[in-house]
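# Observations on the three-dimensional arrangement
Below, each chain spelled out in residue letters.
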Amino acid sequence: MKALVYGGPGEKSWTDVPDPTIQSPSDVIVKVDTTTICGTDLHILKGDVPTVAKGRILGHEGVGTITEIGASVTSLKVGDRVIISCIKSCGHCANCRAGLYSHCLGEEGTSGIGWVFGHLIDGTQAEFVRVPYAENSLHLLPEGVSDQQAVMLSDILPTGFEIGVQYGRVKPGDTVAVIGAGPVGLAAICTAGLYGAATIIAVDLDANRLEKSREFGATDVILSSAPDWREQVMVLTDGQGVDVAIEAVGIPATFTMCTEIVRPGGNVANVGVHGKAVELHVEDLWIRNISISMGLVNTNSTPMLLKLVAQQKIPADSFATHHFIFDEFMEAYDTFAHAAETKALKVVITA
């Protein structure tokens, strides 16, 4: 089969690799019908995730059709259309029973790390993928939900919702600022309303993404290159600052921006994947009674979000801006990596 293979920092290729095989009774093999590229894949290619070995097939998002099942799999069958979750779940360890799938203690990949696809085992940017713990790591796709909508549920929608909105403790009437209007930031914007946010402020360097954010529910937009960007936020909050500041980029500057605009007693929710150390000015922050959260998505909200997508209550289709076929994978990466010029949000790649 063909797959997108990591060759070390800055190196990738669309090349021939062996087909995956069943290795455990709980495995299934999925023919990947639709996949996409995540900002985390770009972090890997920059060398920010040294645990990814050369030769690894990248990708942790996908929708496909089951072609083979392991001996212990009873609730899934060949021919089922499924969403591949970006997080593994053995379903029986202490962390999984607590809903902390991001730290599943199953041995697949590494015990205690839930993100394994395209990281510690071969991922979804391929014609076929082996899915461990399949009955807990796949979601059956109902009629009426397209592959394009469903692939947004592999990662970005649950990530923006769980790590941004839920960890940020958004509540009815809140003012929420999202720093970074990329795919995950937009996912946080479009799900903040589920918890009753009254004002949602999108902050970004890219005017096109800011305008796009209005389609996802942003009530106000601020260009972060403006010298008075912070003052603009404060005007919208009567000088108090926002209740919740969500960081959705993954660089030190945007994290610091969040700490500068959150009100006393507010919450900073870090969603972005950081490749460099971030300076935390505790000497200034301690007196403001703010809470800071961060984490890896658990994907335990995926079934609920799937219902909302099926009911057209979440604009999942709007994330897709560019479309490619598998043999155009290298072009898809180039388009996604130059999003400022191409205006790309999510590139959808189909078999």
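Scroll up to find the structure.
Figured I'd write up the structure that's included with this text.

Cut-offs applied
Residues numbered from 1 in each chain as written. Predicted model: local features only at pLDDT ≥ 70, side-chain atom pairs only at ≥ 80, totals over all residues. Heavy atoms only, no water. Core = buried A, V, L, I, M, F, W, Y, C linked by side-chain atoms within 4.5 Å. Buried < 20%, exposed > 50% of the residue type's maximum accessible area, 1.4 Å probe, protein only. Helix = DSSP H or I, 4+ residues; strand = E, 2+ residues; numbered from the N terminus. Contact = heavy atoms within 4.5 Å. Salt bridge = Lys/Arg side-chain N within 4 Å of Asp/Glu carboxyl O. Pairing = 2+ DSSP bridges. Axes fitted to C-alpha atoms, helices over the stretch in contact; angles between N-to-C directions.

### Description of the nonpolar core
The biggest cluster of nonpolar side chains holds 84 residues, and the ones touching the most others in it are Val30, Val131, Leu138, Leu157 and Phe319. The leading source of residues in this core is helix α6 (residues 183-192), at 7 residues. Not counting chain neighbours up to four residues away, the residues in contact with Val30 comprise Gly64, Thr65, Ile66, Thr67, Val82, Ile84, Glu127, Phe128, Val129, Val131 and Leu138.

### Thoughts on the pattern of salt bridges
Per the stated rule, a full pass over the model turns up 13 salt bridges. Salt-bridge contacts for Asp33 lead to Lys31; the nearest nitrogen and oxygen are separated by 3.2 Å. Glu215 serves as the salt-bridge partner of Lys212, at 3.4 Å between the closest nitrogen and oxygen. Taken together, the shared-partner salt bridges in this structure form one network comprising Asp27, Glu108 and Arg130.

### Comments concerning the pairing of strand β3 (residues 28-36)
Within β3, 8 of the 9 residues are buried, which leaves the element mostly enclosed by the surrounding structure. Pairing between β3 and strand β4 (residues 62-69): 7 bridges, direction antiparallel. The residue bridging Val28 from the neighbouring strand is Ile69, located in β4. Judged from the 4 bridges that link them, β3 and strand β6 (residues 128-131) form a sheet pairing that is antiparallel. Bridging across to β6, Val30 finds its partner in Val129. By the bridge criterion, 3 bridges tie β3 to strand β15 (residues 346-350) in an arrangement that is antiparallel. Of the residues in β15, the one forming a bridge with Thr36 is Val348.

### Considerations on the environment of Ala310
Mapped onto the elements, Ala310 comes out in helix α11 (residues 302-310). Under the relative-accessibility criterion, Ala310 is labelled partly exposed at 36%. A sequence separation of 168 residues divides Ala310 from Pro142, and the C-alpha atoms of the two residues are 7.9 Å apart.

### So, the environment of Thr299
Along the chain, Thr299 falls in the loop between β13 (291-294) and α11. Residue classification places Thr299 among the buried positions, given a relative accessible area of 5%. Residues Thr299 and Thr159, 140 residues apart in the sequence, show an inter-C-alpha distance of 7.3 Å. Those residues in contact with Thr299 that sit more than four places away from it in its chain are Ser85, Cys86, Ile87, Tyr101, Ser154, Pro158 and Glu162.

### A closer look at the sheet that holds strand β8 (residues 175-179)
Taken in spatial order, the 6 strands make up an open sheet running β10-β9-β8-β11-β12-β13, and their pairing is parallel. Pairing within the sheet leaves two strands with one partner each, and these edge strands are β10 (220-223) and β13. The average angle at which neighbouring strand axes cross in this sheet is 20 degrees, direction not considered. As defined by bridge partners, β8 adjoins strand β9 (residues 199-204) across 5 bridges and the pair is classed as parallel. Each bridged residue has a counterpart across the sheet, and for Thr175 the counterpart in β9 is Thr199. Taken strand by strand, helix α8 (residues 229-236) contacts β9, β10 and β11 (242-247), and its axis lies near 160 degrees from that of β10. This element, helix α9 (residues 252-261), spans β8, β9, β11, β12 (262-270) and β13 of the sheet and lies at about 155 degrees to β12.

It is worth stressing that arrangement in space is one thing and function is another; only the former is reported here.
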